[in-house]
Each structure stands twice: as structure tokens, then as C-alpha cells.
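# Residue-level structure breakdown
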Amino acid sequence: MGFRIEPLAAHGRAAFACGVPALDRYFREIVTQDIRRRVSNCFIALSAEGTVAAYYTLAATSLPITDLPAEDAVKLPRYPLLPAGLIGRLAVDDRFKGQGLGSALIVDAIGRVARADPAVFALVVDAKDEAAVRFYQHLGFQSFISHPMKLYLPVAAALKRLASQAQSLK
Ligand SMILES: CC(C)(COP(=O)(O)OP(=O)(O)OC[C@H]1O[C@@H](n2cnc3c(N)ncnc32)[C@H](O)[C@@H]1OP(=O)(O)O)[C@@H](O)C(=O)NCCC(=O)NCCS
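Conventions and cut-offs
- Residues numbered from 1 in each chain as written.
- Predicted model: local features only at pLDDT ≥ 70, side-chain atom pairs only at ≥ 80, totals over all residues.
- Heavy atoms only, no water.
- Helix = DSSP H or I, 4+ residues; strand = E, 2+ residues; numbered from the N terminus.
- Rg over C-alpha atoms; globule rule 2.2 N^0.38 Å.
- Buried < 20%, exposed > 50% of the residue type's maximum accessible area, 1.4 Å probe, protein only.
- Contact = heavy atoms within 4.5 Å.
- Areas by Shrake-Rupley, 256 points an atom, 1.4 Å probe, with all protein chains shown as cover.
- Lys, Arg positive; Asp, Glu negative; His and termini not counted.
- Charge placed at Lys NZ, Arg CZ, Asp CG, Glu CD.
- Salt bridge = Lys/Arg side-chain N within 4 Å of Asp/Glu carboxyl O.
- Near = heavy atom within 4 Å.
- Polar contact = N/O pair within 3.5 Å; in protein donor to acceptor, adjacent residues only side chain to side chain.
- Nonpolar A, V, L, I, M, F, W, Y, C, P; charged D, E, K, R; others polar.
- Pairing = 2+ DSSP bridges.
- Axes fitted to C-alpha atoms, helices over the stretch in contact; angles between N-to-C directions.
- Core = buried A, V, L, I, M, F, W, Y, C linked by side-chain atoms within 4.5 Å.

## Some details on the overall build of the protein chain
What the protein chain contains, in helices and strands, is 5 helices and 7 strands. Put simply, the protein chain runs from its N terminus to its C terminus through helices and strands in the order β-α-β-β-α-β-α-β-α-β-β-α. Taking 2.2 N^0.38 as the reference for a compact globule, 170 residues should give roughly 15 Å; the C-alpha atoms of the protein chain span a radius of gyration of 16 Å, in line with that estimate. Across its three principal directions, the C-alpha atoms of the protein chain cover 50 × 40 × 35 Å. In the protein chain, buried positions account for 41% of the 170 residues. Pairs at least 24 residues apart make up 63% of the contacts formed inside the protein chain by residues separated by at least 6 positions. On the protein chain, roughly 9,500 Å² of surface is accessible, and the fraction owed to carbon and sulfur atoms is 57%. Each charge class in the protein chain was averaged separately, 20 positive and 15 negative side chains, and the resulting centres sit 3 Å apart.

Structure below.
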């Protein structure tokens, strides 16, 4: 697609506009403080011209095992909390929507948590509205039992799906 994904550094953020003022403001004014305080990392998709086209934040979290359907929980050890990676925010600039960038950033996050030294069972997202829930469901995320707006995607299943997609492209 001509985009590359990398950690946010000294990239220009002032022009970023995804249509959700809270997500724009966070990216323009707050994200670097969160990175400095080690409460979140931020990764961006850069266009060939060097424009920030999309961003997401990634931090460690945990997923209560009671939020998984019983048929999934039964296959896991009875630890009350499972290790997870939190996508706190995800936004694509209006100029770049509908080109696969949102899903490319989720794939990037799966790769990063799969490569991390601490084990990560799943990615977790907080959807801000019903449209975001549908977007994440479309990518294979399932709602927590106790919070329909919180969703998770087991990393092992996501890697398997990506591997079979790569196989079918050969
Ligand atoms: C939601 C958002 C991240 C999607 O980004 P995007 O780059 O336009 O999405 P993609 O092009 O990667 O779409 C991937 C797939 O999801 C589908 N999709 C996108 N938005 C969807 C929605 N609201 N409901 C269902 N499916 C959706 C696309 O049709 C596409 O399907 P395909 O792979 O079968 O072609 C973007 O619209 C955005 O930044 N919205 C404002 C902020 C926001 O809502 N963030 C969500 C986290 S709170």
C-alpha cells in the first residue's frame, strides 16, 4: 500500500484528523506524555510522503477469564486474569480511510504482542461506539461477556488465520 508502520517519534501530528475530536486531540496533545510516562506506546502508519495516516496505542493489560465464553475458558488454566495487549486507541485520518490501514494496524499489533517476551494471550480493545464494535467484530474480535464494548482477539487464533491467509495468497 506504500505505507510503513513505525513507533511514533518526532513526526508531525498537527494535521491529523480522523473525524473524532477526542482521538485527534489525544494524538496531537497527549500521546507523547503517555509514552514518556511508559503508560502507552504509539505506532503510526506513514504514507510514502511522510504524512501520518493512522495511529494506534498499545499497552499491557489483563483479561478476566470470566469474560471468555465457557467453551473457551475451559481450555485454559484457571488463572483469574490472562495477559493481554490493550489497543487503547486506533484512528485513521479521513484522507486515508477505507484503504485497509485500520486492519493493517491490528495485524501490526498482533505481530508485536506475538514477538514480545512476556506472553500475551489476546489483544483487547475498547470500542468507542457501535460502528467500532462492528469494525472489530469484522476482524474477528469477540465481546467480553460483561462488557459488549470491550472486545478481545486471541493471539494464537489470529496468527493461525494470518498464516492461512498468507498460504492462500501463494
Ligand atoms: C474504524 C476505522 C479505524 C477503520 O479504519 P479503515 O482503515 O477505514 O478500515 P479498513 O479499510 O482497514 O477496513 C477493514 C475492514 O473493516 C471493514 N469496516 C470498516 N469500518 C467498519 C464498520 N464500522 N463496521 C463494519 N466493518 C467495517 C471494512 O469494510 C473492511 O472490510 P474488508 O476487509 O472486508 O474489505 C476508521 O474508520 C476510524 O479511524 N474511525 C474513527 C475512529 C474510530 O472509530 N476508531 C475505532 C476505535 S475506538
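Now that the structure is up, let's keep going.
## Section: the environment of Ile-5
Here Ile-5 shows up in strand β1 (residues 4-7). Taking the C-alpha atoms as reference points, Ile-5 and Leu-63, 58 residues apart in sequence, are found 27 Å from one another. Not counting residues within four places of it along the chain, the set of residues in contact with Ile-5 comprises Phe-43, Ile-44, Ala-45, Ala-104, Leu-105, Asp-108 and Arg-112.

## A short note on the pattern of salt bridges
Here the structure, examined in full by the defined rule, presents 8 salt bridges. Note that Arg-4 and Glu-6 form a salt bridge whose closest N and O atoms lie 2.9 Å from each other. In this structure, the salt-bridge partner of Asp-94 is Lys-97, at a minimum N-O distance of 2.6 Å. Of the residues examined, Asp-94 reaches a relative accessible area of 45% and is grouped as partly exposed. Judged by its relative accessible area of 43%, Lys-97 falls in the partly exposed class.

## A word on the site of the ligand
Around the ligand there are 20 residues in total, and Val-92, Gly-98, Gly-100, Gly-102 and Ser-103 lie nearest to it. Here a nitrogen atom of the ligand and a backbone polar atom of Leu-90 are 2.9 Å apart. Counting residues per element, the ones that place at least two in the shell around the ligand are β4 (81-92), α3 (101-115) and α4 (130-138). Sorting elements by how many residues they give to the shell around the ligand places α4 first, with 6 residues. Along the lines of polarity and charge, the residues of the shell around the ligand split into 10 nonpolar, 6 polar and 4 charged.

## Some words on the sheet that holds β1
The 7 strands lie next to each other as β1-β2-β3-β4-β5-β7-β6, forming an open sheet whose pairing is mixed. Every other strand in the sheet has two partners, leaving β1 and β6 (142-143) as the edge strands with one partner each. Across the sheet, helix α1 (residues 21-36) is in contact with β2 (41-46), β3 (52-64) and β4; its angle to β3 comes to roughly 60 degrees. With respect to the sheet, helix α5 (residues 155-169) is in contact with β5 (122-126) and β7 (150-154), its orientation differing from that of β7 by roughly 60 degrees.

## Thoughts on the nonpolar core
One broad trend across soluble globular proteins is that nonpolar side chains are buried collectively. Counting 28 residues, the largest nonpolar core has Tyr-56, Ile-87, Ile-106, Leu-123, Tyr-136 and Phe-141 as its most contacted members. When residues of this core are traced back to their parent elements, those giving at least two are β2, β3, β4, α3, β5, α4, β7 and α5. Broken down by element, the residue count for this core peaks at 6 residues, all from α3. Filtering out sequence-adjacent residues up to four positions away, Ile-87 remains in contact with Tyr-56, Thr-57, Leu-58, Ile-106, Ala-109, Leu-123, Val-124, Val-125 and Asp-126.

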